Amino acid sequence: MTVEGTVSGLEERVVGRAWMVRLDPADRGGAAVRVSCGRPACDPQVLPSAAVGRTAAVAHLATHLRAAPGPRPQASCACRAEECHTHVRADGPRDRAPALRCGGPVVLAVINDRQGRWWQALECCARCAAAHPSAKIVATAPAAPARAAGGPAPAAGARGAAGPPPAPVGPHFSHAASSPAPVPVPRAAPVPRTKPRRNRRTGKIAQRFVPHDLHPIALRDELIELGNLFRAYQERPEPDLEQLAELHSRKAKAFRTWAEVTGETELRLDADRAEQAAAAALLQHQQRTGQSPVGEGEVTNRLLPGLTQWEHARTVLAHVAEHTPLPGPEARLMAVMLTLRSALTGTGNLVGQDVRGLPLTEPEELIGRLVDSGWLSIPGTADDLLESRPESPTPITIPSLMPDEDGQGPFDFGRKTRPKLSGWAQRVVGDKKLRKKKTGAATRLLALALAVRTTTDGRLGAEGEGVDLSVLTSWCAVEPDELEPLVEQLTVADWLEEAAVTDGRLTGRLTERVLQVSCPLP
């Protein structure tokens, strides 16, 4: 009879409820997220950012919790059904954990991961809920009623020799004699303290806990505030590199002071790493906004802002170098300007002043040769193009730039970028001092080549090591012995300074006057 009563008690147990709300990326490389719920009647939602998704996920889970019935006293732990580490031994076979592992009343708890990617509601015992650091108790089941009189009684030998009854256990286990869960004893009212409570404010920053007794107090408060600010920054839908650089700078200063107070070498190393992170974030912000350091505390605003547009400028020049239809620097310079006018669709508009502003000896003859080669198409003659005015421009067509059947062309920048690139090239080629010194097409081409091969502070080459002469002569369409006079012309026109030709390379730097038209190498 005792065994039957015990088996009957186990069969009355039901597995606790459990469901999860998840936050997953909606597409690769995008900011959109998908909120999905484990309840069968809930459809996934696609939201624009992780911050919006977390808010929606928490609100969705709260709606379920308000609508769901309270925890059931007879329910067994939902986490036990999933074989969590609380119920499975880590160093042995996956058998039952000791009976006293579970205990307390059944509760409805919510647990979540530290990264805010999922939230799970489950029915479990109070002891299992306490095993999860992030668990929050939503509701507690009432104490189970005592077994009615006349029910099956426990056998005398069911648990061995006579002695005191076993301690009450959790809802996963059933004894022959069922007893109500113990009612907690109310705490006594706290005795008033004669001394004021000490300020035990603490926090966490960079996986380090800030001691509550750290002095000076201003340092402790600064570290706690920085930890909160870094966590708030991680919740931003869009990055702010300027703000991030400021936070890293404050962290470096605070960690250096912390290292001086405690004498910990690791804190000093963390301060050095924070300084490097601040410098990197600030440089990246300046490059994205078209700025770069010039001197102590100075920045320059560039005509083409950002790494992407600088790379587009280099792409256009490289394309022209490979697809110029005619030899010579004048044909190369003309091809650059016409390519930028019709880069996306292969068509564009041109007026006579655009051509007459270039250093060309015979523009009519050059346009005729480009038309005869099939690279350029115009509706009239070269003279008609040179006489056209802004109110009636001449349409031009470059067949090699027209998109193919799939709509793909040689360039992948947008419609708003094309006029910016064209304006940048016009600014370099039409520089006032270059025009005043009456420099030729080869000198203007050299100015374009150097403008896209500098560091952020204007030194020639990716790391200031200079530019290979063979690259420059090939681009300018001149002989090697003709390059040095071109460099001299740029120096006289206040375009270059400290220029020198040594070991097959041109070293030096752009002057501050023209630094704004440069496109630094990554």
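First things first, this report covers the structure right here in the doc. Everything quoted here is computed from the prediction, not taken from an experiment.

**What to know about the overall build of the chain**
Then comes step 1: If you tally the helices and strands in the chain, you get 17 helices and 17 strands.
Then comes step 2: Counting contacts in the chain only where the partners sit at least 6 residues apart, residues at least 24 apart contribute 60% of the total.
Then comes step 3: About 29,400 Å² of surface is accessible on the chain, with carbon and sulfur atoms providing 53% of the total.

**Quick look at the nonpolar core**
Then comes step 1: Among the nonpolar cores identified, the biggest contains 70 residues, and Trp424 and Trp495 are the most heavily contacted of them.
Then comes step 2: Considering each element in turn, this core owes the most residues, 9 residues, to helix H15 (residues 441-451).
Then comes step 3: When sequence neighbours within four positions are dropped, the list of residues in contact with Trp495 reads Val428, Asp431, Leu434, Ala447, Leu490, Arg509, Leu510, Thr511, Arg513, Val514 and Val517.
Then comes step 4: By size, the runner-up hydrophobic cluster in this structure holds 20 residues, among which are Val210, Leu214, Tyr233 and Ala254.

**Details of the environment of Ser49**
Then comes step 1: In this structure, Ser49 sits in the loop between strand S4 (45-47) and helix H2 (50-67).
Then comes step 2: Judged by relative accessible area, which is 9%, Ser49 ranks as buried.
Then comes step 3: Separated by 24 residues in the primary sequence, Ser49 and Pro25 have C-alpha atoms spaced 9.3 Å apart.
Then comes step 4: Aside from chain neighbours lying at most four places away, what touches Ser49 is Ala31, Val33 and Pro237.
Then comes step 5: Of note is the side chain of Ser49, whose polar atom sits 3.4 Å from the backbone nitrogen of Val52.

**Remarks on the pairing of strand S6 (residues 106-112)**
Then comes step 1: With 6 of 7 residues buried, S6 is to be regarded as a mostly interior element.
Then comes step 2: Bridge analysis of S6 against strand S7 (residues 118-125) gives 7 bridges, and the strand direction is antiparallel. Within the sheet, the bridge partner assigned to Asn112 lies in S7 and is Trp119.
Then comes step 3: A loop of 5 residues connects S6 with S7, the two strands running antiparallel in sequence, and Gly116 in this loop sits at a positive phi of about 70°.
Then comes step 4: By the bridge criterion, 4 bridges tie S6 to strand S8 (residues 136-140) in an arrangement that is antiparallel. Paired with Leu108 across the two strands is Ala139, which belongs to S8.

**Structural notes on the sheet that holds strand S16 (residues 496-502)**
Then comes step 1: Taken in spatial order, the 3 strands of this open sheet run S15-S17-S16, and their pairing is antiparallel. Among the strands making up the open sheet, the edge pair consists of strand S15 (467-468) and S16.
Then comes step 2: Strand contacts of helix H17 (residues 483-492): S16 and strand S17 (505-510), with the helix running at about 165° to S16, the strand carrying the most contacts.

**What about the environment of His60?**
Then comes step 1: By the element assignment, His60 lies in helix H2.
Then comes step 2: Here the alpha-carbon distance between His60 and Val21, two residues 39 residues apart in the chain, equals 8.0 Å.
Then comes step 3: Ignoring any residue separated from it by four or fewer positions in sequence, one finds His60 in contact with Val21, Cys37, Cys42 and Gln45.

**Focus on the pairing of S7**
Then comes step 1: By the criterion of burial, S7 is predominantly enclosed, with 7 of the 8 residues buried.
Then comes step 2: Relative to S7, strand S2 (residues 18-25) runs antiparallel, the two being bridged by 5 bridges. Paired with Val21 across the bridge in S7 is Trp119.

**Quick look at the sheet that holds S8**
Then comes step 1: A sheet is described by the order of its strands in space; here 6 strands give the open sequence S4-S3-S2-S7-S6-S8, paired in antiparallel fashion. In this open sheet, the two strands that pair with only one neighbour each are S4 and S8. Recorded for the sheet is a direction-independent mean angle of 20° between the axes of neighbouring strands.

**Side note on the packing of aromatic side chains**
Then comes step 1: Summed over the entire model, instances satisfying the criterion amount to 2 aromatic pairs.
Then comes step 2: An angle of 75° between the planes, with centres 5.5 Å apart, marks the rings of Phe255 and Trp258 as edge-to-face. Highlighted residues: Phe255 and Trp258, both in helix H6 (residues 241-262), separated by 3 residues, approximately one helical turn.
Then comes step 3: Owing to a relative accessible area of 1%, Phe255 belongs among the buried residues under this scheme.
Then comes step 4: Judged by centre distance (5.5 Å) and plane angle (25°), the rings of Phe411 and Phe413 are stacked. Each member of the pair, Phe411 as well as Phe413, carries the same accessibility label: buried.
Then comes step 5: Taking the ring centre of Trp19 as reference, the NZ or CZ of Arg39 above it sits at 4.6 Å.
Then comes step 6: Sitting over the face of the ring of Phe255, Lys251 holds its NZ or CZ atom 5.4 Å from the ring centroid.

**Focus on the packing of helix H9 (residues 329-341) against H15**
Then comes step 1: Running from N to C, H9 and H15 cross one another at 50°; their axes reach a closest spacing of 8 Å. Relative to H15, H9 is oriented oblique. As for the relative orientation of H9 and H15, their crossing is left-handed in sense. In contact with Pro329, Glu330, Arg332, Leu333 and Val336 of H9, H15 contributes Ala441, Ala442, Arg444, Leu445 and Leu448.
Then comes step 2: When the residues that make up the contact of H9 with H15 are grouped by side-chain class, the tally is 7 nonpolar, no polar and 3 charged.

**What about a positive patch on the surface?**
Then comes step 1: A contiguous patch of positive charge, built from Lys432, Arg435, Lys436 and Lys437, is present on the exposed surface.
Then comes step 2: Among the secondary structure elements, Lys432 is positioned in helix H14 (residues 432-436).

**Quick notes on helix H5 (residues 217-234)**
Then comes step 1: The end-to-end C-alpha distance of H5, which contains 18 residues, comes to 26 Å, matching closely the 26 Å that a straight helix rising 1.5 Å per residue would cover.
Then comes step 2: Three or more residues of H5 are buried, namely Leu219, Arg220, Leu223, Ile224, Leu226, Gly227, Phe230 and Tyr233.
Then comes step 3: Contacts from the buried residues of H5 go to strand S9 (203-205), strand S10 (208-210) and H6.

**Here we look at a negative patch on the surface**
Then comes step 1: Together, Glu362, Glu364, Asp383 and Asp384 make up a region of like negative charge exposed at the surface.
Then comes step 2: Tracing the chain through its elements places Asp384 in helix H12 (residues 382-387).
Then comes step 3: The exposure class assigned to Asp384 is partly exposed, which follows from its relative accessible area of 46%.

What counts, and where the lines are drawn
Residues numbered from 1 in each chain as written. Predicted model: local features only at pLDDT ≥ 70, side-chain atom pairs only at ≥ 80, totals over all residues. Heavy atoms only, no water. Helix = DSSP H or I, 4+ residues; strand = E, 2+ residues; numbered from the N terminus. Contact = heavy atoms within 4.5 Å. Areas by Shrake-Rupley, 256 points an atom, 1.4 Å probe, with all protein chains shown as cover. Core = buried A, V, L, I, M, F, W, Y, C linked by side-chain atoms within 4.5 Å. Buried < 20%, exposed > 50% of the residue type's maximum accessible area, 1.4 Å probe, protein only. Polar contact = N/O pair within 3.5 Å; in protein donor to acceptor, adjacent residues only side chain to side chain. Pairing = 2+ DSSP bridges. Axes fitted to C-alpha atoms, helices over the stretch in contact; angles between N-to-C directions. Phe/Tyr/Trp six-rings, centres within 6.5 Å; stacked < 30°, edge-to-face > 60°. Lys NZ or Arg CZ within 6 Å of the ring centre and 35° of its normal. Parallel < 35°, antiparallel > 145°, perpendicular 65-115°, else oblique. Left-handed = near helix turned anticlockwise from the far one by under 90°. Nonpolar A, V, L, I, M, F, W, Y, C, P; charged D, E, K, R; others polar. Patch = residues over 30% accessible without salt bridge, like charges linked within 9 Å, V, L, I, M, F, W, Y side chains within 5 Å. Salt bridge = Lys/Arg side-chain N within 4 Å of Asp/Glu carboxyl O. Lys, Arg positive; Asp, Glu negative; His and termini not counted. Charge placed at Lys NZ, Arg CZ, Asp CG, Glu CD. Expected span 1.5 Å × (residues − 1).

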